[in-house]
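Observations on the model geometry
Residue strings, one per chain:
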Amino acid sequence: FPKAKTRRRKRKETFKERQNHIQQEHSLIIPPITLLKNKKIMKAVIVLLLAFVVCTQAFVPLEYTYDGSNVAFAATENALPTAVFHGMGDACFNPGMKQFTKHIGDKTGTYAVCLSYGEFIASFTTDFDTQVKKACAAVQADKNLQGEFNVVGLSHGGLVARYIVEKCELKGRVSKMVTFGGPHQGVASIPRCTGGTFCKIVDWMADQFVYTSLVQEHLGPAAYFKAPSKYQTYLEKNIFLPDLNNEKTQKDTTAAAKLAALDKALLIQFSEDTMVIPKESEWFGWYAPGENVYGKVIDMEDTDLYKEDWIGLQKLDKAQKVLRWSIKGNHLQFTMADVDKVITEVLLA
């Protein structure tokens, strides 16, 4: 029976080969599942997902058409240089930003410059504390910004502009601050999320992971994400906004004095804004105590930040130096006429 034994041995070998083949196929599937059980890797995956959502939702480079033949303004003798700071996903070399900055320079008849601090994807992938310090260094290095000058910030560039006012060591001082859609009190939801199942899922993910060091150190916008339901965690773990807004127990009186010393602050809110949630943050408004995302929002004057004057805003407002303008439309949807009004009624006033 030697032939029968040979056939049985071959069948056993074939069966073992099949088992090995199946195990190899499974080995291609099992490792990723095993990896996802690793908490650090899982957090990294969440960071990538949040970054993807934010990048796709919030990438809005400025679209601005400059017409050099528009009404010319006579610059006053005390016209000051202007430092401009772009928004998230934008860059100074973007045509819209170049035209916007040139328009300001032409109409004020003096120096205007857009200062780089985090261009395009770097505004997402670089922690915000590093970005604002880079902006501060750019101001300090510019020989035309060593005396008095104005700052103009678009979107989260408004926070950069305010950082220059409050925290940057300057040889001179900032005279006037203008912010277009600046999220001064932070944002409580992913951009363009105004409800619905998808937004609730993404917001839940953000609430769970946004205050981890991994997210704070690798996702720029996380530095001004303020979850109403996790305020204490925000105070302890957020690397930027609690300090800028003087929300912690120990207050920075020097920063508050600098903001209060401004000659003028113009806060521009976009009436249909879906990028900054809540849009009232652009006027220093925020959710009432105990409210969650999409709940009741209170005005600037009713917030603790204002009532206890953490950053000098109340003092500035009572001196009638705070202007709040509303522009109809969504985030950064403004016209040349809007910019001309800013120039004539604020920068040249």
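Our subject is the structure that appears above.
Treat the numbers as computed from the prediction; the structure is a model and nothing was measured. (Residues numbered from 1 in each chain as written. Predicted model: local features only at pLDDT ≥ 70, side-chain atom pairs only at ≥ 80, totals over all residues. Heavy atoms only, no water.)

1. Regarding the packing of aromatic side chains
Following the criterion strictly, the structure yields 11 aromatic pairs and no others. The interplanar angle of 70 degrees and the centroid separation of 5.3 Å between the aromatic rings of F93 and F120 together place this pair among those described as edge-to-face. Highlighted residues: F93 in the loop between β1 (82–85) and α3 (95–108) and F120 in the loop between β2 (112–114) and α4 (122–125), separated in sequence by 27 residues. Residue class for F93 comes out exposed when judged on its relative accessible area of 53%. Since its relative accessible area comes to 27%, F120 is described here as partly exposed. Put simply, the rings of F128, Y163, Y224 and F240 pair up and form one aromatic cluster. (Phe/Tyr/Trp six-rings, centres within 6.5 Å; stacked < 30°, edge-to-face > 60°. Helix = DSSP H or I, 4+ residues; strand = E, 2+ residues; numbered from the N terminus. Buried < 20%, exposed > 50% of the residue type's maximum accessible area, 1.4 Å probe, protein only.)

2. Considerations on the nonpolar core
Membership of the largest hydrophobic core comes to 54 residues, with the highest contact counts inside it found for F85, V151, I164, F240 and L313. With six residues, helix α6 (residues 157–166) is the largest single contributor of residues to this core. With sequence-adjacent residues up to four places away left out, F240 is seen in contact with F128, D129, V132, L159, Y163 and A223. The next biggest cluster of nonpolar side chains, apart from the first, holds 24 residues, and it includes A79, L266, W325 and L332. (Core = buried A, V, L, I, M, F, W, Y, C linked by side-chain atoms within 4.5 Å. Contact = heavy atoms within 4.5 Å.)

3. With respect to the packing of helix α5 (residues 128–141) against α6
Relative to each other, α5 and α6 sit at 60 degrees, their axes nearing to 10 Å. One element, α5, and the other, α6, form an angle in the oblique class. Along this stretch, α5 crosses α6, giving a crossing that reads as right-handed. Across the interface between the two elements, F128, V132, K133, A135, C136 and V139 of α5 pack against L159, V160, Y163 and I164 of α6. Here the contact of α5 with α6 is composed, by residue class, of nine nonpolar, no polar and one charged. (Axes fitted to C-alpha atoms, helices over the stretch in contact; angles between N-to-C directions. Parallel < 35°, antiparallel > 145°, perpendicular 65-115°, else oblique. Left-handed = near helix turned anticlockwise from the far one by under 90°. Nonpolar A, V, L, I, M, F, W, Y, C, P; charged D, E, K, R; others polar.)

4. Remarks on the state of the cysteines
Enumeration over the complete set of coordinates arrives at two disulfides. A sulfur-sulfur distance of 2.1 Å marks the disulfide that ties C92 to C114. Where C92 bonds to C114 through sulfur, the torsion about that S-S bond is close to -75 degrees, and the disulfide is left-handed. With C92 in the loop between β1 and α3 and C114 in strand β2, this residue pair connects regions lying 22 residues apart in the sequence. Each member of the pair, C92 as well as C114, is classed as buried. The disulfide that involves C136 links it to C168, with 2.0 Å between the sulfurs. Taking the torsion about the S-S bond as the criterion, the C136 to C168 disulfide, at about 85 degrees, is right-handed. (Disulfide = S-S within 2.5 Å.)

5. A short note on the sheet that holds strand β8 (residues 322–327)
Taken together, six strands build an open sheet; the order of strands is β2-β1-β3-β4-β5-β8 and the sheet is parallel. On the outer flanks of this sheet lie β2 and β8, each paired with one strand and no other. Each strand of the sheet is rotated relative to its neighbour by a mean of 20 degrees, with strand direction disregarded. Looking at chain direction, strand β4 (residues 173–180) and strand β5 (residues 264–270) are connected through five bridges and run parallel. Note on β5: the bridge partner recorded for K176 is K264. α3 rests against β1, β2, β3 (148–154) and β4 of the sheet, and its axis sits at about 160 degrees to β2. (Pairing = 2+ DSSP bridges.)

6. Here's the deal with the environment of N94
Summarising the element assignment, N94 is placed in the loop between β1 and α3. Classification of N94 by relative accessible area gives buried; the value is 12%. When the C-alpha atoms of N94 and E119 are compared, they prove to be 9.5 Å apart, with 25 residues separating the residues in sequence.

7. With respect to the pattern of salt bridges
Between side chains of opposite charge, a pair can form when the charged atoms approach closely. Scanning the model with the defined rule gives 10 salt bridges in all. We note a salt bridge from K133 to D129, for which the minimum N-O separation is 3.0 Å. Here the residue K133 and the residue D129 both occupy positions in helix α5, the gap between them amounting to four residues, near one helical turn. According to the relative accessible area criterion, K133 is partly exposed, its value standing at 46%. Between K248 and D243 there is a salt bridge, and its shortest N-O distance comes to 3.6 Å. Residue classification places D243 among the partly exposed positions, given a relative accessible area of 36%. Each of the salt bridges in this network shares a partner with another, and the network as a whole consists of E148, R173 and D263. (Salt bridge = Lys/Arg side-chain N within 4 Å of Asp/Glu carboxyl O.)

8. Here we look at the environment of A256
When you line up the elements, A256 lands in helix α11 (residues 253–260). The contacts of A256, once residues within four sequence positions are left out, are N246, W310, I311 and G312.

9. Quick notes on α6
Burial analysis of α6 places 10 of its 10 residues in the buried class, the great majority of the element. Among the structural elements, β1, α5, β3, β4, α10 (241–244) and α11 are those in contact with the buried residues of α6.

10. Some details on α5
In this model, α5 (14 residues) spans 20 Å end to end at C-alpha, consistent with the 20 Å of a helix rising 1.5 Å per residue. Of the surrounding secondary structure, the elements contacted by the buried residues of α5 are β1, α4, β3 and α6. (Expected span 1.5 Å × (residues − 1).)

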